[in-house]
Structures are given as structure tokens and as C-alpha cells.
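Remarks on the overall topology
Here's the letter readout for the chains.
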Amino acid sequence: RTLRIGLIPGDGIGREVIPAGRRILEALPSSLGLNFSFVDLDAGFDCFKNTGVALPDKTLDTLRKECDGALFGAVSSPTTPTKGYSSPIVALRKRLDLYANVRPVKSVKPTAAYPDPIDLVIVRENTQDVYVKEERTYELEDGTIVAEAIKRIDSKASSRIARMAGEIALKRRAIRETSGDNIGKQTMVTISHKSNVMSQTDGLFRSCARAALEEKRFVDGGIKIDEQIIDSMFYKLGRNPSPYDVIVAPNLYGDLLSDDAAALVGSLGLIPSANVGDGFAIGEPCHGSAPDIEGRGIANPIATLRSVALMLQFLDQEDAALAIEKAVDSQLLEGRFSTPDMGGNATTNEVVEDVLKRL
Ligand code: NAI
Ligand code: MG
């Protein structure tokens, strides 16, 4: 079977790590019976500066009409209002209805930040919340300037993201049972919210998520429903991440939580994600375009390589996904080459070569 993959490097280190993603797909053993074809696609802030649009129609059309999946690097979205610009990845998630952002956070060995094993998944709602980007600014009669943003939560999006979290929890338990690893871990979905303050928006998210997880297949599957108010969630996660299994959260909290969890396993350069809809997935490292290290060839490629595995998993290519995960885990475990974010002095390329050898 041939899968066609769209490659959208974007800006900054996106252009250094996405080629690594392509290389690992090309290096998959032929015994898996998978072939890949690639199409390079443009998006990002440089694209905006050059062409006036951050997400060209051609990119969206090609993804829709030709591609089975895609890899996205990162974009350098400016932190000041920029007329005509809007983040292309936020737009892609919405336009392709990639409603779940799945972010596994896993340590393969004790880290300086945290000695016990960490193995959890953050399932971030990917289409709503303050990311609907309906903001406005106006002035009061006394000259005070007011800015407002809509935080939109609906029952459909909240229920389906919770079901996705439930399915992932069931699947993780099945994997633990067959592999014998981490067998005692409680199968659990933790709903994160702030419904003590935002009783309507986060309140709706919370109640829909609970109702979805109380459906028969999740109850029969032995999933424990847990919930945690978001501020103490950060606290508890920071103190002891080991008990957490699957965490489901509205868009913004899910974004924040994943960078925090990344710190516990040692680097943002390790954490992958997949933007998942029905029948399509975009693999994307969690990190941004990292302008502070751009152009030096030292970006950690692991988050991207793991994002490739995650994309394959959601395209039902489990064997290929597992092969990449194993190669990456073994590379990290031996740790002979690591990039500076992890305390080493290897280049992106040296780490990629080492993973490819293990694959
Ligand atoms: P960032 O994630 O780009 O970087 C944060 C820190 O982590 C930096 O010190 C960076 O060097 C380090 N880091 C990140 N990825 C790394 C890797 N693979 N290897 C080694 N070190 C790594 O976040 P920051 O600096 O807040 O944002 C920079 C730009 O990225 C902004 O323009 C922001 O809008 C954009 N961004 C884009 C995202 C996306 O495209 N999905 C997500 C987050 C930020
Ligand atoms: Mg983020």
C-alpha cells in the first residue's frame, strides 16, 4: 500500500525536523509492505510574508484531495497583532475538523526532573475554547480600552473528545496487558477543568465528558473517571505524574499542560502530537519554531519522529508505528547521542542517524 503524506515544515526548526520525519518513513523496513509518496506544502509566517497568506488554498486542497496524512513542523506566529495573519495550524485543525490533539508524554528512563516512570496521554480538544479566536477590542467613554475573547464550548465537541480519551484509555490498557509493562497502572481518564469559576463553559465540558465516560463500553472496560480542577492539576502533575493515565482537557488547558508535562520528562523536544479527525491525521511535534536555536542543526528530532509514529497509528498502521517507537525508545535509553536540550552535544542529524540504524 502507498500512503501519500503532505509535508508542511512551516518556519524555524520546523524546517530542520520535518525532513527527519520524511527520512524515517522512507527507512521503514519493506517487510511492512508500506510505501510512501510525499508532497511538499507551504504554510507559516514566512509563507505569509512572501505571499500574503499563511495557509494557501493549495495546501488545504492538496491535503483534502490527495493525502492520507501529513506532518506539520511549527510556525513562528508573531506575538503582536499582525493584519491579515492568523495561525495556519489552528486553521488547519478547524478546516479539516481534526478535533482531537493527542499528546503522549513518556519517559524511557529516570530523568533529572523526575525519577519515576511517566506514561500518560493528554487529549486536548482541538477546535473550540478561546481558540475560536473571536476577539474584539473597544474603548469606553472614559478612555479605558477593553479586549474580550469568546470561550466557546459545545456539547458535541466535549462528548466526542471525551469518547476519544476513553477509547485511548481502553487501548492503552490492552497494550499494557499484552506487553506486561506497567501492568498495575490504573486505567483512568482525568477530566481537567475550571468549572468552579466557569460554571457554564467548563461546566458543560465537565458534565459532557463525565456522561460520555459513563457510557457502557467505558464502564465495562473498567475506566475510572477522575477529575481535577486545572490549577491543582498542574500542582499534582508536577509533584507526581506517575498515577496519571489519560488526561482530557479543553483546548487551552490541554496546550498548557503538555508543555508542563514535557518539562517533567526532560525536554519539549521529546513530545509528539497528532491532530486527529475521522480518517485523517497530522503528526506535529508539540514544540514551536524555537527561534533561539533555529539554523544551527541542533533541534531535537525525537518529538517529530514520535509524531510520525503517532500519525501512522491513527492511520491504522500499527506495526509501522511500533517499529518507530521501539527504535526511538532504544535510542533514548542508550542515550549515546543527545541534542543540547537534553544535555548532550549531538546534532539533529546524528540523532536521526542513530534512530535509523536501530530501525
Ligand atoms: P518553542 O516551543 O518554540 O520553544 C521553547 C523552548 O524550547 C526554546 O528554548 C526552544 O529552544 C526549546 N525547544 C523547543 N523545541 C525544541 C527542540 N525540538 N529541540 C530543542 N529545543 C527545543 O516556544 P516559544 O519560544 O514560546 O515560541 C517560538 C515560536 O513558536 C512562536 O512564534 C510561537 O508562536 C511558535 N509556536 C508554534 C507552535 C506550532 O506551530 N504549533 C506551537 C508553539 C509555539
Ligand atoms: Mg503549545
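Residue numbering note: each chain is counted from 1, following its sequence as written. Written order determines the labels here, with chains lettered from A and ligands numbered from 1. pLDDT decides what is reported in this predicted model: residues at 70 or higher carry local features, side-chain atom pairs at 80 or more are listed and counted, and totals for whole chains, interfaces and linings draw on all residues regardless.

An unreviewed UniProt entry lists the protein under the name homoisocitrate dehydrogenase, from Polychaeton citri CBS 116435. For the protein, the Catalytic activity (unreviewed entry) comment in UniProt is given as "(2R,3S)-homoisocitrate + NAD(+) = 2-oxoadipate + CO2 + NADH". UniProt positions are given in the numbering used here, feature names are shortened, and annotations may be inferred rather than shown by experiment.

**Some thoughts on the site of ligand 1**
Inspection of the region around ligand 1 gives 20 residues, with Gly269, His287, Gly288, Asn300 and Asp341 positioned closest. Tallied by class, the residues present in the shell around ligand 1 amount to ten nonpolar, eight polar and two charged. Residue proximity rests on one test: whether the C-beta atom, placed from the backbone, lies within 6 Å of the molecule or strand. Put simply, Ala, Val, Leu, Ile, Met, Phe, Trp, Tyr, Cys and Pro go in the nonpolar bin, Asp, Glu, Lys and Arg in the charged bin, and everything else, Gly too, in the polar bin.

**Quick look at the sheet that holds strand β5 (residues 119-125)**
Across the sheet, which stays open at both edges, the ten strands sit in the order β2-β1-β3-β12-β11-β4-β5-β10-β8-β9 with mixed pairing between neighbours. Every other strand in the sheet has two partners, leaving β2 (35-40) and β9 (224-229) as the edge strands with one partner each. Each strand axis lies, on average, 25 degrees off the axis of its neighbour in the sheet, ignoring direction. Strands were regarded as paired on the criterion that DSSP finds at least two bridges between them. The helix and strand labels rest on DSSP assignments: H or I over at least four residues marks a helix, E over at least two residues marks a strand, and numbering proceeds from the N terminus. Where strand β8 (residues 188-193) and strand β10 (residues 246-249) come together, three bridges link them in parallel fashion. Note that in β10 the partner of isoleucine 191 across the bridge is valine 248. Note on contacts: each residue gets a C-beta atom placed from the backbone, and two residues are in contact if those atoms are within 7 Å. Only the contacting stretch of a helix is used when fitting its axis, a line to C-alpha atoms as for every element, and angles between N-to-C directions run 0 to 180 degrees. Packed onto the sheet, helix α8 (residues 230-239) meets β8 and β9 and runs at close to 105 degrees relative to β9. Contacting β4 (100-106), β5, β8 and β10, helix α9 (residues 251-265) runs over the sheet at an angle of about 155 degrees to β5.

**With respect to the domain arrangement of the protein**
Residue ranges for the domains trace back to a domain assignment, done automatically or taken from a database. The domain architecture assigned to the protein consists of domain 1 (1-104 + 268-359) and domain 2 (113-265). Distance from the C-alpha centre of domain 1 to the C-alpha centre of domain 2: 23 Å. Across the boundary between the two partners, domain 1 contributes 17 residues, which contact 18 residues of domain 2. Contributions of two or more residues to the side of domain 1 that touches domain 2 are made by α4 (88-95) and β4.

**What to know about the confidence of the model for the protein**
You can read pLDDT as the predictor saying how much it trusts each residue, on a scale of 0 to 100. Counting all residues, the mean pLDDT for the protein is 95, and 100% of those residues have values of 70 or more. Confidence metrics for the complex model read pTM 0.96 and ipTM 0.98.

**Side note on helix α1 (residues 14-26)**
Taking 1.5 Å of rise per residue, 13 residues should cover 18 Å, and α1 covers 19 Å from first to last C-alpha, within 8% of that figure. Three exposure classes are used, based on other C-beta atoms lying within 10 Å of a residue's own C-beta, which is placed from the backbone: buried for 20 or more, exposed for 12 or fewer, and partly exposed in between. Burial in α1 covers these residues: Gly14, Glu16, Val17, Ile18, Ala20, Gly21, Ile24 and Leu25. Contacts made by the buried residues of α1 are with β1 (2-10), β2, β3 (69-74), α10 (302-314), α11 (318-334) and α12 (348-358). Given the number of residues in a helix, its expected span is that number minus one, multiplied by 1.5 Å.

**Describing unusual backbone geometry**
A positive phi angle, close to 40 degrees, is found at alanine 290, a residue other than glycine. Inspection of the secondary structure puts alanine 290 in the loop between β12 (281-283) and α10. Even without being glycine, aspartate 316 reaches a positive phi, approximately 65 degrees. With respect to the secondary-structure elements, aspartate 316 resides in the loop between α10 and α11.

**Comments concerning the packing of α10 against α11**
Relative orientation of the contacting elements α10 and α11 amounts to 160 degrees, with a least axis distance of 7 Å. Put simply, α10 runs roughly antiparallel to α11. Like other packed secondary-structure pairs, α10 and α11 cross with a definite hand, here left-handed. Where α10 approaches α11, its residues Ile302, Leu305, Arg306, Val308, Ala309, Leu312 and Gln313 are matched on the opposing element by Glu318, Ala320, Ala321, Ile324, Glu325, Val328 and Leu332. Its residues placed into classes, the contact of α10 with α11 shows ten nonpolar, one polar and three charged. If an angle is under 35 degrees, it is roughly parallel; if it is over 145, roughly antiparallel; if it lies from 65 to 115, roughly perpendicular; otherwise it is oblique. Crossing handedness: left-handed means the near helix sits turned counterclockwise from the far one by under a right angle, and right-handed means the same turn made clockwise.

**Some remarks on the environment of leucine 322**
Among the secondary structure elements, leucine 322 is positioned in helix α11. Each C-alpha atom, one on leucine 322 and one on leucine 310, is 9.2 Å from the other, the two residues being twelve residues apart in sequence.

**Here we look at the environment of leucine 41**
Structurally, the position occupied by leucine 41 is in the loop between β2 and α2 (45-51). Residue leucine 41 is classed as buried on the basis of its C-beta count, with 24 C-beta atoms lying within 10 Å. Sequence separation between leucine 41 and threonine 59 is 18 residues; the distance between their C-alpha atoms is 5.6 Å. Leave out the neighbours within four places in its chain, and leucine 41 touches Gly6, Leu7, Ile8, Thr59 and Thr62.

**Some thoughts on the nonpolar core**
For this entry, the nonpolar core is defined as buried Ala, Val, Leu, Ile, Met, Phe, Trp, Tyr and Cys residues connected by C-beta atoms within 7 Å. Counting 92 residues, the largest nonpolar core has Val123, Val248 and Met311 as its most contacted members. Top element by residues in this core is α10. It accounts for nine residues. Excluding residues that lie within four positions of it along the chain, methionine 311 makes contacts with Gly69, Leu71, Ala274, Ala281, Ile282 and Gly283.

**Here we look at α8**
When we look at burial in α8, the residues that qualify are Ile230, Met233 and Leu237. With its buried residues spanning 40 degrees around the axis, α8 presents them on a single face. For α8, the exposed residues lying more than 90 degrees away from the buried face are Ser232, Tyr235 and Arg239. Here the buried face of α8 lies against β8, β9 and α9. In this context, the arc is that of the directions from the helix axis out to the C-beta atoms.

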